[in-house]
Amino acid sequence: MKLDAKIPEGTIEKKWDDHRFKLKLVNPANKRKFSIIVVGSGLAGASAAASLGELGYKVLCFFYQDSPRRAHSIAAQGGINAAKNYTNDGDSIYRLFYDTVKGGDYRAREANVYRLAQVSNAIIDQCVAQGVPFAREYGGTLDNRSFGGAQVSRTFYARGQTGQQLLLGAYSSLMRQVRAQTVTLFPRQEMLDLVVVEGRARGIVTRNLITGELRSFAADAVVLATGGYGNVFYLSTNAKGCNVTAAYRAYKKGAGFANPCFTQIHPTCIPVHGEYQSKLTLMSESLRNDGRIWVPLKAKDGKLPSLIPEAERDYFLERRYPAFGNLVPRDVASRAVKAVCDEQRGVGETGLGVYLDFSDAIQRLGEQDIRDKYGNLFHMYQKITAENPYQVPMRIYPAVHYTMGGLWVDYNLMTTIDGCYAIGEANFSDHGANRLGASALMQGLADGYFILPYTIGDYLAQAGNSRIAVEHAEFRGCEQAAEQRITKLLSIRGRRSPDSFHRELGKLMWNDCGMARNQSGLQHALEQIPKIRQAFWQDLKLAGPANTLNQTLEKAGRVADFLEFAELMVRDALARGESCGGHFREESQTEEGEARRDDGAFSHVAVWEYRGESTTPERAIEPLLFDYCKPSQRSYK
Amino acid sequence: MNYTLKVWRQARPSEKGKLVSYSAHGISSEASFLEMLDIVNERLLEKGEEPIAFDHDCREGICGMCGSVVNGYAHGHQRGTTLCQLHMREFSDGSTIIIEPLRAKAFPLIKDLVVDRSAFDKIIAAGGFISIRAGSAPDGNAIPVAKEMAERAMDAAACIGCGACVAACPNASAMLFTSAKLAQLGLLPQGQVERDSRAREMVRAMEDAGFGACSNHGECEAVCPKEISTNFIAFLNRDFIVSSMK
């Protein structure tokens, strides 16, 4: 696979400006002649669709939920980073850039990250102007808080509902364009295939989830804003509907898939409680601003937390990482939690949990202050666990949260298929091997508001305006393939539900390709996944027809793709014989148990190319060069 | 724990629906309401019956996708809770639980417990925004907002658009939903320029979509999972009257 990242020449501060000048433009009067499909309506999709609509393009926006406001960006809690330096604590674009590259364990592309930091400030301005009710100081200015992996306060927030408020802001801009008739919404529609004609992405095939109708849509470009693939683990903090289907179909049509093994395990989630559990709930990283994480010093100490004296407590993050304390990056915190639980010092019924304790903060700041900052999170915790976190410490454990891997994109956010773009969590570009807290919202909105609207014009201006009809043989072929697959799923008539296969796959992935990975575990997974897949295609049971709302059928289609995608993920984890960020290979660690990178062998992006049903995918690399942030052993001590 | 469910089943809008009884046995008290439905659905599938269709997504109380009427209450009897955050420990062992869709003329039924709430999107499209192009915003701190105002705007902005307020209202009014957006934007300095037209156009869209009028029952606030205050309805009324006098 030929990879040209198209990184502009020049110093890092000037790359984006120079590039923007060189990008070709589409005449304002001609924009309405171009149609663009946007799949997904989260922060990236909604902001892109709205901005492209504002520019005058004809936009078609597809999503599986009933309203664009429901996309899972809505669940992001803690905040959004920007290099405003409003707190006068030494922040700058360069520092945000540096922190993000370092936080990503030197596996991100410098030029992209610098641009992200550059546009971060405009995002805050945009959201404020939209009416996002960010938290304020008494003087009326914007308030900030701290997040993991940074020593400055640069995170803007709206209580514990920042994602919701930013998404509703993007949604309001989107609905304004719906009213202006530049954007047409297609709710409850799932993309089942990407249509590529003569090497260019020219449309998609969708299934109407209410009527079951398969339909083709043609356009001049296709933007995938379809989120991450964390649900490959079954249990994750993702919404139930999040899936890899759109990205995976693009991969099968020739889009390179980058670093699929880079998944983020978030340290602070409510622990698992039973077999029937359907999802995991995150407790925002912002809680680590005021909460202190600890376990008993003694193994299997069964005492209530209130009965454990200070001297018998181990504040292990503060002990191991005095400089960053409880605010070390997510990958580091998650591994430290796993380590103390492996030593039998975990708390709660399962022993898979640690305390997140607010008693010091409540004593210092008062309960009301804590309530103001985290009220909705405490409320949610209490709803789920029936415990009052104002009185007893929260119990938390790491869970799958975000996927840094995704479709490979160049500097213009275009995949290896001409005219097919990937934005937000769906692409791989900015977070390297570990994403810092409050950076996902930043990246989704950066891509959608301020990057894609510029770069896509360059492509359209060069590709020109050529109409294509959905009667084209390529569209018909994709529709038929989608239909055959649905018929096949319904005709198996076996004994097991889609969920039972999904759970089985999830367990396997968590054990063998989760927080810690090793050669033999990964080999094991590589042997097991095809077996689960085979069982799926022989023993799946569905009910109900294809021509009405059929949620089991939807689920089956998504699980079928996860069952293929999982193998790619494991293959990638196996090939990357180093530890970096969220990818921890047990074979590659320091004496203190920290991740050990191997820059000599792995300072690159791994990009997988689909080679057909029965052929092993090919691994290409994009070398990563660090001209500004010189890779060093990441230290938060 | 064991429960008897009576669930509204309706294959499509054109067919007649009815309550069908199912046994939900051996359910952990720690399971969420939707996990209980998952278990029932798995068992239905095992028997070759079609599972109960219900909307859900984030399962952490924020996306607004879930919501059914449980024992007469939208999202169930627990205050300030979405259906996905309601847990089975809130129901006594052996009880009967009646589950129906959110009913309103403006929310046509799709299947079983799934309804079409796109009328809400139409209300927002009518004016639930501040007209600002990407790229044209002034510095975030150029417009100071009093902390108290920002907090009140946030109280209103917390709406998740689930539609429980409409289902609970005897008039199937969308006043709480509409007023929450109007108040959020109307309380902030950024939202002043379009304040009048916003009130007029959102109220018109609400009426056009077939929602009823408000007659101060207050059922909406009682079921709202985000406990949004009916004070915002007073805000709407004020803005609407002022705007119609201009």
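Only a predicted model underlies this, so the values are computations on that prediction, with no experimental measurement involved. Along every chain, residues carry numbers that run from 1 in the direction the sequence is written. The naming scheme follows written order: chains are lettered A onward, ligands numbered 1 onward. With pLDDT at 70 or above as the cut-off, local features in this predicted model cover only qualifying residues; side-chain atom pairs require 80 or more to be listed or tallied, and sums for whole chains, interfaces and linings still use all residues. With hydrogens and water excluded, all non-hydrogen atoms of the structure serve as input to the side-chain values.

A. Region of the structure containing the overall build of chain A. Only runs of H or I of at least four residues qualify as helices and only runs of E of at least two qualify as strands under DSSP, and these elements are numbered from the N terminus. Helices and strands together make up the secondary structure of chain A, namely 17 helices and 20 strands. For 637 residues, the compact-globule estimate of 2.2 N^0.38 gives 26 Å, and chain A sits close to it at 24 Å. With respect to the principal axes defined by its C-alpha atoms, chain A has extents near 75 × 60 × 50 Å. When a residue's accessible area, from a 1.4 Å probe over protein chains only, is under 20% of the maximum for its type it is buried; when over 50% it is exposed; and in between it is partly exposed. Within the span of chain A, comprising 637 residues, buried residues form 68% of the whole. By sequence separation, contacts in chain A at least 24 residues apart represent 74% of the contacts at least 6 residues apart. Counting rule for charge: Lys and Arg are taken as positive, Asp and Glu as negative, and neither His nor the chain ends is counted. Working definition for charges: the position is that of NZ of Lys, CZ of Arg, CG of Asp or CD of Glu. A gap of 4 Å separates the mean positions of the 78 positive and 71 negative side-chain charges of chain A. It is over C-alpha atoms that the radius of gyration is taken, and the globule rule equals 2.2 Å times the number of residues to the power 0.38. Working rule for contacts: check all heavy atoms of both residues, and any pair within 4.5 Å makes them a contact.

B. A look at helix 7 (residues 245-252) of chain A. Extensive coverage of helix 7 of chain A is indicated by the burial of seven of its eight residues. Within helix 7 of chain A, the full set of buried residues consists of Thr245(A), Ala246(A), Ala247(A), Tyr248(A), Arg249(A), Ala250(A) and Tyr251(A).

C. View of the domain arrangement of chain A. All names here are of chain A. All domain edges in this entry derive from an automatic or database-based domain assignment. Each assigned domain of chain A is listed with its residue range as follows: domain 1 (15-262 + 404-463), domain 2 (266-401) and domain 3 (474-607). Contact with domain 1, which involves 27 residues of that partner, is made by 27 residues of domain 2. Two parts lose some accessible area (1.4 Å probe) when they are put together, and adding that loss for both gives the buried area. Of all residues in domain 1, Gln77, Leu235 and Thr237 give up the largest surface area on contact with domain 2, accounting jointly for 28% of the area buried on that side. Salt bridges are defined by distance alone: a side-chain nitrogen of Lys or Arg within 4 Å of a carboxyl oxygen of Asp or Glu. Counting across the domain 1 and domain 2 interface gives zero salt bridges. Any pair of nitrogen or oxygen atoms within 3.5 Å is treated as a polar contact; in protein, a donor-acceptor pairing is required on top of that, and neighbouring residues in sequence qualify only through side-chain atoms on both sides. The interface formed by domain 1 and domain 2 includes 15 residue pairs in polar contact (both at pLDDT 80 or more). Here the nonpolar group is Ala, Val, Leu, Ile, Met, Phe, Trp, Tyr, Cys and Pro; Asp, Glu, Lys and Arg are the charged ones; every other residue, Gly included, is treated as polar. Of the residues that constitute the side of domain 1 that touches domain 2, the class distribution is eight nonpolar, 15 polar and four charged.

D. Here's a closer look at the sheet that holds strand 11 (residues 257-258) of chain A. All names here are of chain A. With antiparallel pairing, the four strands of this open sheet are ordered in space as 17-11-19-20. Bordering the open sheet on either side are strand 17 (406-407) and strand 20 (618-623), each of which pairs with just one other strand. One requirement defines pairing of two strands: DSSP has to find at least two bridges between them. Here six bridges tie strand 19 (residues 604-609) to strand 20, and the two strands are oriented antiparallel to one another. Residue pairing for strand 20: His604 is matched across the bridge by Pro623.

E. Representation of the packing of helix 5 (residues 175-187) of chain B against helix 6 (residues 195-208) of chain B within the structure. All names here are of chain B. Here an angle of 0 to 180 degrees is reported between the N-to-C directions of two axes, which are lines fitted to C-alpha atoms, with helices fitted over the stretch in contact. Close contact between helix 5 and helix 6 brings their axes to 11 Å; oriented N to C, the two are set at 165°. As far as their axial angle goes, helix 6 and helix 5 are roughly antiparallel. At the point where helix 5 passes helix 6, the crossing takes the right-handed sense. Contact residues: helix 5 offers Met175, Thr178, Lys181, Leu182, Leu185 and Gly186, while helix 6 offers Arg195, Arg198, Ala199, Met202 and Met206. Each angle gets one of four labels, with under 35 degrees taken as roughly parallel, over 145 as roughly antiparallel, 65 to 115 as roughly perpendicular, and the rest as oblique. When the near helix sits turned anticlockwise from the far one by under a right angle, the crossing is termed left-handed; a clockwise turn instead gives a right-handed crossing.

F. Just the packing of helix 5 of chain B against helix 8 (residues 231-245) of chain B, in detail. Residue and element names in this part refer to chain B. Packing of helix 5 against helix 8 leaves a shortest axis separation of 8 Å and a crossing angle of 70°. Here helix 8 runs roughly perpendicular to helix 5, going by the angle between their axes. From helix 5, Met175, Leu176, Thr178, Ser179, Leu182, Ala183, Gly186 and Leu187 reach across to helix 8, where they touch Phe232, Ile233, Phe235, Leu236 and Asn237.

G. Structural view of the pattern of salt bridges. Scanning the entire structure with this criterion turns up 74 salt bridges over all chains. Among the ionic pairs, Arg117(B) bridges to Asp55(B), the shortest N-O distance being 3.6 Å. You can see Arg117(B) sitting in the loop between strand 7 (114-115) and helix 2 (118-127) and its partner Asp55(B) sitting in the loop between helix 1 (33-46) and strand 3 (69-70), a full 62 residues away along the chain. Each member of the pair, Arg117(B) as well as Asp55(B), carries the same accessibility label: buried. Salt bridges sharing common partners tie together Asp105(A), Arg107(A), Asp331(A), Arg335(A), Arg576(A), Glu578(A), Arg597(A), Asp599(A) and Arg634(A).

H. Structural view of the interface of chain B and chain A. Residue-level contacts link 82 residues of chain B with 77 residues of chain A. Summed over both sides, the interface between chain B and chain A buries roughly 6300 Å², with carbon and sulfur atoms accounting for 51% of that surface. Broken down residue by residue, the surface that chain B buries against chain A is led by Asp57(B), Glu60(B) and Met154(B), which jointly contribute 11%. In this structure, the connection of chain B to chain A is made through seven salt bridges. The residue Asp155(B) makes a salt bridge to Arg159(A) at a minimum N-O spacing of 2.9 Å. In this assembly, chain B and chain A are joined by 51 residue pairs in polar contact (both at pLDDT 80 or more). The set of elements that each furnish at least two residues to the side of chain B that touches chain A consists of helix 1, strand 6 (109-111), strand 7, helix 2, helix 3 (147-157) and helix 5 of chain B. A total of seven residues in the side of chain B that touches chain A trace back to one element, the largest contributor, which is helix 3 of chain B. Split into classes, the residues belonging to the side of chain B that touches chain A amount to 39 nonpolar, 18 polar and 25 charged.

I. Molecular detail of the domain arrangement of chain B. All names here are of chain B. The domains assigned to chain B are domain 1 (3-111) and domain 2 (117-245). The C-alpha-based centres of domain 1 and domain 2 are spaced at 29 Å. With 20 residues of domain 1 in contact, the opposing surface of domain 2 contributes 20 residues. Interface area for domain 1 against domain 2, summed over the two sides, is near 1500 Å², with a carbon-plus-sulfur share of 63%. Summed over the shared surface of domain 1 and domain 2, the number is one salt bridge. For the interface between domain 1 and domain 2, the tally reads three residue pairs in polar contact (both at pLDDT 80 or more). The residue makeup of the side of domain 1 that touches domain 2, split by class, is 10 nonpolar, six polar and four charged.

J. Broad picture of the state of the cysteines. By definition, disulfides here are pairs of cysteine sulfur atoms that lie within 2.5 Å. This structure, assessed with the given rule, holds zero disulfides over all chains. Left unpaired, Cys261(A) is separated from the closest cysteine sulfur, that of Cys580(A), by 6.7 Å. Judged by relative accessible area, which is 0%, Cys261(A) ranks as buried. Between Cys165(B), a cysteine without a disulfide, and Cys162(B), which holds the nearest cysteine sulfur, the sulfur-to-sulfur distance is 6.3 Å. Accessibility expressed as a relative area gives 10% for Cys165(B), which makes it buried.

K. The environment of Ile233(B), seen in detail. Residues and elements named next belong to chain B. Its place among the elements puts Ile233 in helix 8. Under the relative-accessibility criterion, Ile233 is labelled buried at 5%. Sequence separation between Ile233 and Asn216 is 17 residues; the distance between their C-alpha atoms is 9.2 Å.

L. Broad picture of the side chain of Ser278(A). Summarising the element assignment, Ser278(A) is placed in the loop between strand 12 (263-269) and strand 13 (292-296). Here the side chain of Ser278(A) touches Arg59(B) through a polar contact of 2.8 Å, side chain to side chain.

M. Structural context of the environment of Asp572(A). All names here are of chain A. Here Asp572 is to be found in helix 16 (residues 551-575). Classification of Asp572 as buried rests on a relative accessible area of 0%. Those residues in contact with Asp572 that lie beyond four places of it in its chain are Asn259, Pro260, Cys261, Ala606, Trp608 and Arg619.

N. View of the nonpolar core. Core analysis: the biggest nonpolar cluster contains 244 residues, and Ile80(A), Phe134(A), Leu194(A), Met509(A) and Phe211(B) have the highest contact counts within it. Broken down by element, the residue count for this core peaks at 13 residues, all from helix 16 of chain A. If we skip the residues at most four places from it in the chain, Phe211(B) touches Ala106(B), Phe107(B), Ala119(B), Phe120(B), Ile123(B), Val166(B), Ala172(B), Ser173(B), Ala174(B) and Met206(B). We call a set of buried Ala, Val, Leu, Ile, Met, Phe, Trp, Tyr and Cys residues a nonpolar core when their side-chain atoms join them within 4.5 Å. In terms of nonpolar packing, the next biggest core, distinct from the first, is built from 29 residues, Tyr276(A), Leu5(B), Phe33(B) and Val40(B) among them.

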